[in-house]
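The residues making up each chain are set out below.
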Amino acid sequence: MENPLHHVTHRNIRKIDVFSGILLLAFGLFVLISGLRMPVETLTHDPNKWYIGPGFFPEIIGAGLILQSLVLLVIGIRESGGITRQDILRAFAFLKSNIVIRFTIALALLALYIFVLLAFIPYTAATFIYLFSNMIIFKTDNKSVWKLLLISVICSVVVAYGFSHFARIPLP
Amino acid sequence: MTQIIALFAAFIKFLTIKNILLLSASSIAGIIMGALPGLSATMGIALLTGLTYGLPTEAALIVLLGIYVGAIYGGSISAILIGIPGTGSAAATVLDGHPLAKRGQGGTALSLTTIASFIGTLFGMLCLAGFTPLLQKIALNFTSAEYALLAIFGVLICGSLTAQGLPLKGWIGGFVGLAASCIGFEGIFGYPRFTFGVVGLMGGIAFVPAMIGLFGIPSLLNGLSQKKNNTDIPTVGKNEGPGIFAMLKKYFPTILRSGLIGTGVGSIPGVGEDVGAWLSYDTAKKSSKHPEEFGQGSYEGLIAAETANNSAIGGALIPLLSLAIPGSAPTAVLLGALWLHGIRPGPMLTFEFPTFISEMSALLLLAAFTMRIFGWIACQFAPKIVKVPVYILMPIVGVLSIIGSYALNINTFDLYVMFAFGIIGYIFEKLNYPAAPVVLGIILGPIADTNVRRALQASHGSLTPFYTRPIALIVLFLIIYTILSQLKITSRFFTWVKSKIKKTSKANSIKE
């Protein structure tokens, strides 16, 4: 699939890397500190057996993430040429772009399906609502609404009946 | 000799009408999944792993292998007809396949890829049958130190080879996966790590929902967020390409080299078919007598890419069965499927299930034949398959992703895991962080964690086993090489050494 950031130059990718480096550094610190807070060894509580405690591996991973994100930050800062006010304005403009709006709607519909529809209404109905709403909103050709309604109904019934009765898999 | 007899016996065992029908259905499903951009072999196996739980082990393996082989081949159909690879492994196929289709030679291109995929799968199968028992014998000598180092090497090499641009991003992805693997009760003391009191996290992150999230949800979000109308699809046209024997005769060096590259790359943990295809294509172009034809519709380029990506299937199964370390993303899911059915890959596999490797090889052989037969039939209907609009296909992918994530443990929490990893996968994709190392980190994390601690416990905190045991030393060297080879300072150092050697030899020749 085409990356909508494909037109973004190498410099701009590095600017974004600065932000991702900061986030990863924070994540690495969190993992390292959490590991240090875990007991050294839980059976005999022997501090000399630091290497078999539950925190040992998270400490290694946290330290590794910190090191790598620092390197990424250095590369990002060196090759990005600095972050200007125009970069920030361009980033805000991108957030208002068509791609981001469509992405947000697609994500929201998926979240609605998982967290709300499946939790409160029967599976077939929830699936039909999810399918039909996606097809209507993201339609790119001139297929009629009735056709999409029919496709949504057929797909949801086939999936629900097929998996629950033939494959005997409980549905969410 | 015994292996050949075992392979033949397994082949005969599976040659029943029921198995052939099951394999045919799964091959067709795999080809369709592979042909549709946005779906992939990994998705197909991930979605069906939970669904095959109710089937007997034999039937489940038939379905999963059929989907795997079919999907890796199926990616070439959309790569040729619409210039979009159906799977990552078919990306190299676009370069020469699509130009052929635009010239009205789509039928020829599809025939070439069908035959090349068939030959590649056979090659991989032979390597699987031949090398897996050897590697298992070596793996019997592995201790915790070797397993720990191998797990770390797997994550690092996967990160290096799958990252576009900075290999550092691949390693970061791997470490994020390793961090995710720490969630839940840890393997030695049962201490809860990173659970935050949430019951759903105490069992750890189930890797099938995580994998579906990392690979499937970004495809769904990308497909819907980019407003794309269906492109015009050229007709398939007549097949004017060489038959299988003519192809073997004319392109034998390319086929042999591609088979070796594909199997070799496939056997590297977590790397898989797409890297195999690119490496083979690149090597074929550099060694070709007509490199200028590559990218314009070269038969040799097509054959190189497709032979390699299918031979990588057998290659990826080698470390899976011998070491329980998956060679590719689809085999990572296959590992979960094998565990689900009570089969534990690794050095002890031959003792617990003596005929398993022969049976897998025989299934791969059968899958190659069904792919060959149904592949050509599928090509005739291919323009209809790839015409399914993205806005209809992707929501259906979303529905199947939900079922695939839920069916494994019948646990609603897995849906939340899938959703969370879907967002992570989407962000990673946009920032050029590969998803495969994350998955491998989740799978290999527990292996690395428990084995590092066990090795240190056995040596009372000493690091000696990690660099004194021969196999551990080799793997340690590979880890150091993987890291150093990607650093600019290393390449600068070697450039300096080379220039020094040149100056010295020049000075010596002047003196003489």
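If you're wondering where the values come from, they're calculated on a predicted model, not measured in any experiment.

How each quantity is defined
Per chain, the residues get numbers from 1 upward, laid out in the order the sequence is written. Both sets of labels track the order of writing: A upward for chains, 1 upward for ligands. The model is predicted, so local features are restricted to residues of pLDDT at least 70 and side-chain atom pairs to those at 80 or more, both for listing and for counting; the totals for chains, interfaces and linings are taken over all residues. Calculated side-chain values reflect all of the structure's heavy atoms, with hydrogen atoms and water omitted. Working definition: helices are DSSP H or I runs of at least four residues, strands are E runs of at least two. Numbering for both runs from the N terminus. The size measure is the radius of gyration over C-alpha atoms, and the globule rule it meets is 2.2 Å times the number of residues to the 0.38 power. Only protein chains enter the area calculation, which uses a 1.4 Å probe; residues under 20% of their type maximum are buried, those over 50% are exposed, and those in between are partly exposed. We call two residues in contact whenever any of their non-hydrogen atoms come within 4.5 Å of each other. The method behind every accessible area is Shrake-Rupley, applied with a 1.4 Å probe, and residues are considered shielded solely by the protein chains displayed. Working convention for charge: Lys and Arg count positive, Asp and Glu count negative, and His plus the chain ends are omitted. Charged groups are reduced to one reference atom each: NZ for lysine, CZ for arginine, CG for aspartic acid, CD for glutamic acid. Here an angle of 0 to 180 degrees is reported between the N-to-C directions of two axes, which are lines fitted to C-alpha atoms, with helices fitted over the stretch in contact. Every angle not falling under 35 degrees, over 145, or within 65 to 115 is termed oblique; those three ranges are roughly parallel, roughly antiparallel and roughly perpendicular. Take the far helix as your reference; a near helix turned counterclockwise from it by less than a right angle gives a left-handed crossing, and one turned clockwise gives a right-handed crossing. Here the quantity called buried area is the total loss of accessible area, with a 1.4 Å probe, experienced by two parts when brought into contact, counted for both. When a carboxyl oxygen of Asp or Glu lies within 4 Å of a side-chain nitrogen of Lys or Arg, that pair is called a salt bridge. Residue polarity follows a fixed list, in which Ala, Val, Leu, Ile, Met, Phe, Trp, Tyr, Cys and Pro are nonpolar, Asp, Glu, Lys and Arg are charged, and the others, Gly among them, are polar.

With that settled, consider the overall build of chain B. Per the secondary structure count, chain B includes 21 helices and two strands. Taking 24 Å as the expected radius of gyration for a compact globule of 512 residues, we find that chain B reaches 23 Å, a close match to that expectation. On the principal axes, the C-alpha backbone points of chain B span a range of 80 × 70 × 55 Å. Split into buried and exposed, the 512 residues of chain B put 62% on the buried side. Across chain B, the fraction of contacts at a sequence separation of at least 24, relative to all contacts at a separation of at least 6, is 79%. Counting every atom, chain B has about 19,700 Å² of accessible surface; 68% of that belongs to carbon and sulfur. Charge centroids of chain B, computed over 32 positive and 19 negative side chains, lie 7 Å from each other.

Next up on the list: the overall build of chain A. Scanning chain A for helices and strands turns up six helices and zero strands. Reading the secondary structure of chain A in the N-to-C direction produces α-α-α-α-α-α. Relative to the 2.2 N^0.38 estimate, which gives 16 Å for 172 residues, the radius of gyration of chain A is 25 Å and therefore markedly larger than a compact globule would have. Overall, the C-alpha framework of chain A stretches about 70 × 55 × 25 Å when taken along its three principal axes. Going through the 172 residues of chain A one by one, you find that 40% of them count as buried. Here the contacts in chain A between residues at least 6 apart in sequence split such that 59% fall between residues at least 24 apart.

Before going further, it helps to examine the packing of helix H4 (residues 57–81) of chain B against helix H5 (residues 91–102) of chain B. Residues and elements named next belong to chain B. Relative to each other, H4 and H5 sit at 55°, their axes nearing to 7 Å. Comparing the axis directions of H4 and H5 gives the class oblique. In this structure, the crossing between H4 and H5 has a hand that is right-handed. On the side of H4, the interface is formed by Ser76, Ala79, Ile80 and Leu81, while H5 contributes Thr93, Val94, Gly97, His98 and Ala101.

With that settled, consider the interface of chain A and chain B. Taken together, the 68 residues of chain A in the interface contact 64 residues of chain B. Here chain A meets chain B over a buried area of about 6,000 Å², counting both sides, of which 77% is carbon and sulfur. Put simply, chain A and chain B have one salt bridge between them. With its nearest N and O atoms 2.7 Å apart, the salt bridge here joins A:Asp17 to B:Lys169. Of all the secondary-structure elements, those providing two or more residues to the side of chain A that touches chain B are helix H1 (10–37), helix H2 (56–80), helix H4 (98–120), helix H5 (123–138) and helix H6 (145–166) of chain A. Sorting elements by how many residues they give to the side of chain A that touches chain B places H2(A) first, with twelve residues. In terms of residue class, the side of chain A that touches chain B is made up of 48 nonpolar, ten polar and ten charged.

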